[in-house]
Amino acid sequence: MTWKQFFSSSIGKKITVALTGLFLILFLIIHAGVNSAIFLNDGGESYNVYAHFMSHNWILRFLEVGLFAGFIIHIVQALIVWRQNKLARPVGYAVNKKNKNSTWYSRSMGLMGTLILLFLIMHISHFFIGTKVALYSGDKPHNLYEEMLEIFSNGFIVLLYMIGLVALFWHLIHGFQSAFQTLGINHKKYTPVIKAIGVAYTVIIIALFALMPLSIYFGWIK
Ligand code: HEM
């Protein structure tokens, strides 16, 4: 099978979605880990050092291109698979016993994915674009911590972040184990372990991310 045949086949697309999904899962660990430096409550001193390193190291800047490619490939391939599945069954199931045919979150992957995309557009416009413009134009680097304090002082924005994180929660809790299933790792002994790791990962990552805007908004960190 050539690469072209692989990418145009249904299984090839599913495998691409699974692999890029696992790559994004790893990115979220690093992102949540670095951002957790704000919990040191040292006025953003440690966080700004890490953020400066992350945005100035050329290897990481190169990887950033891979990160954005990963996001785009994941979204585009997932949308194509979703559309193909819909076209393959245009009239729907004759008997749509919702809870029998699929679980709620597997049916809502499309909706959750769209909410996460909207969240990402808002998030990139908050934190990424200005920082990069300053970096490449040689302007004074942004104080990302100060930017966080300003953005998360707005209750409405904090609420939008919480909605985005709820969507990401459902997306990850289903997507984590689903990625392994697509890759053919479906075993009586290992699948329950993978599911448990997926749930633990999702709860920890989402709790960390949710605590960031909340602790700033409620003044727990300053
Ligand atoms: C809610 C807590 C979050 C906070 C406080 C936060 C904060 C930040 C900050 C400050 C940046 C800019 C870093 C830089 O330019 O060096 C950034 C970038 C980014 N964030 Fe987040 N983030 C959060 C959640 C998320 C989530 C849940 C996702 C993905 C679903 C995400 C995806 C990204 C991406 C793709 C970038 C740009 C790439 C990068 O700079 O590494 N973030 N975030």
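Structure: above.
Residues numbered from 1 in each chain as written. Predicted model: local features only at pLDDT ≥ 70, side-chain atom pairs only at ≥ 80, totals over all residues. Heavy atoms only, no water.

Overview of empty space enclosed by the protein
Point 1. Here the structure, examined in full by the defined rule, presents one cavity of 30 Å³ or more.
Point 2. By volume, the largest cavity amounts to about 40 Å³.
Point 3. Taken together, Q177, F180, Q181, I185, T191, I194 and K195 form the lining of the largest cavity.
Point 4. Elements supplying a minimum of two residues to the lining of the largest cavity: α10 (155-182) and α11 (190-217).
Point 5. Classifying every residue of the lining of the largest cavity by side-chain character gives three nonpolar, three polar and one charged. (1 Å grid on protein atoms, 1.4 Å probe; cavity = no way out; pocket = protein on both sides within 12 Å on 5 of 7 lines; lining within 4 Å. Points joined across faces, edges and corners; volume = space filled by probe spheres on them. Helix = DSSP H or I, 4+ residues; strand = E, 2+ residues; numbered from the N terminus. Nonpolar A, V, L, I, M, F, W, Y, C, P; charged D, E, K, R; others polar.)

Quick notes on helix α4 (residues 58-88)
Point 1. Along its 31 residues, α4 runs 45 Å from first to last C-alpha, staying within 8% of the 45 Å computed at 1.5 Å per residue.
Point 2. Residues of α4 that are buried: E64, L67, G70, F71, H74, Q77 and V81.
Point 3. Tucked inside the fold, the buried residues of α4 contact α1 (3-8), α2 (10-35), α7 (109-127), α8 (129-137) and α10.
Point 4. Looking at where α4 begins, the residue whose side-chain oxygen comes 2.9 Å from the main-chain nitrogen of I59 is N57. (Expected span 1.5 Å × (residues − 1). Buried < 20%, exposed > 50% of the residue type's maximum accessible area, 1.4 Å probe, protein only. Contact = heavy atoms within 4.5 Å. Polar contact = N/O pair within 3.5 Å; in protein donor to acceptor, adjacent residues only side chain to side chain.)

What to know about the site of the ligand
Point 1. If you check the shell around the ligand, you find 23 residues, and the closest are H31, N35, Y47, H123 and F209.
Point 2. The side chain of H31 places a nitrogen or oxygen atom 2.9 Å from a nitrogen atom of the ligand.
Point 3. Here a nitrogen atom of the ligand sits 2.7 Å away from a polar atom, N or O, in the side chain of H123.
Point 4. Those elements that place two or more of their residues in the shell around the ligand are α2, α4, α7, α9 (144-151), α10 and α11.
Point 5. Considering every element that reaches the shell around the ligand, the biggest residue donor is α7, with five residues.
Point 6. In terms of residue class, the shell around the ligand is made up of 19 nonpolar, three polar and one charged. (Near = heavy atom within 4 Å.)

Remarks on the layout of surface pockets
Point 1. Computed from the structure, the second largest pocket encloses a volume of approximately 200 Å³.
Point 2. Around the second largest pocket, the lining residues are N48, A51, H52, S55, H56, T131, L135, P141, H142, N143 and L144.
Point 3. Going through the elements one at a time, α3 (45-56) and α8 are the ones with two or more residues in the lining of the second largest pocket.
Point 4. Ranked by the residues each element gives to the lining of the second largest pocket, the list is headed by α3, at five residues.
Point 5. Tallied by class, the residues present in the lining of the second largest pocket amount to four nonpolar, seven polar and no charged.

Regarding the nonpolar core
Point 1. Counting residues in hydrophobic clusters, the biggest one holds 40 residues, and the most contacted among them are I38, Y47 and F152.
Point 2. If you list the elements that add at least two residues to this core, you get α2, α3, α7, α9, α10 and α11.
Point 3. The contact partners of I38, leaving out residues within four places of it in the chain, are Y47, Y145, M148, M212, I216 and I221. (Core = buried A, V, L, I, M, F, W, Y, C linked by side-chain atoms within 4.5 Å.)

A short note on the coordination of the iron atom of the ligand
Point 1. Distances from the iron atom of the ligand to its protein donors, H31 (NE2) and H123 (NE2), fall at 1.9 to 2.0 Å.
Point 2. Seen from the iron atom of the ligand, its six donor atoms lie at angles of 87 to 179°, and the figure they make is octahedral. Taken together, the positions of H31 in helix α2 and H123 in helix α7 put the pair 92 residues apart, joining distant regions of the chain.
Point 3. By relative accessible area, which is 18% here, H123 ends up buried. (Donors = N, O, S within 2.8 Å, 3.2 Å for Na, K, Ca; no water. Tetrahedral: all angles 85-135°; square planar, octahedral: opposite > 155°, others 65-115°.)

Here's the deal with the environment of M212
Point 1. Inspection of the secondary structure assignment puts M212 in helix α11.
Point 2. For the pair formed by M212 and F152, sequence separation is 60 residues and the distance between their alpha carbons is 8.7 Å.
Point 3. Once you skip the residues sitting within four places of it in the chain, M212 turns out to touch A32, N35, S36, I38 and F39.

Regarding α3
Point 1. With twelve residues, α3 ought to run about 16 Å at 1.5 Å a step, and its terminal C-alpha atoms sit 17 Å apart, in line with that.
Point 2. Residues of α3 that are buried include every one of S46, Y47, A51 and S55, and no others. Projected down its long axis, α3 carries its buried residues within an arc of 155°, all on one side. Pointing more than 90 degrees away from the buried face of α3 are the exposed residues E45 and V49.
Point 3. Looking at the buried side of α3, the elements it contacts are α2, α4, α8 and α9. (Arc of directions from axis to C-beta.)

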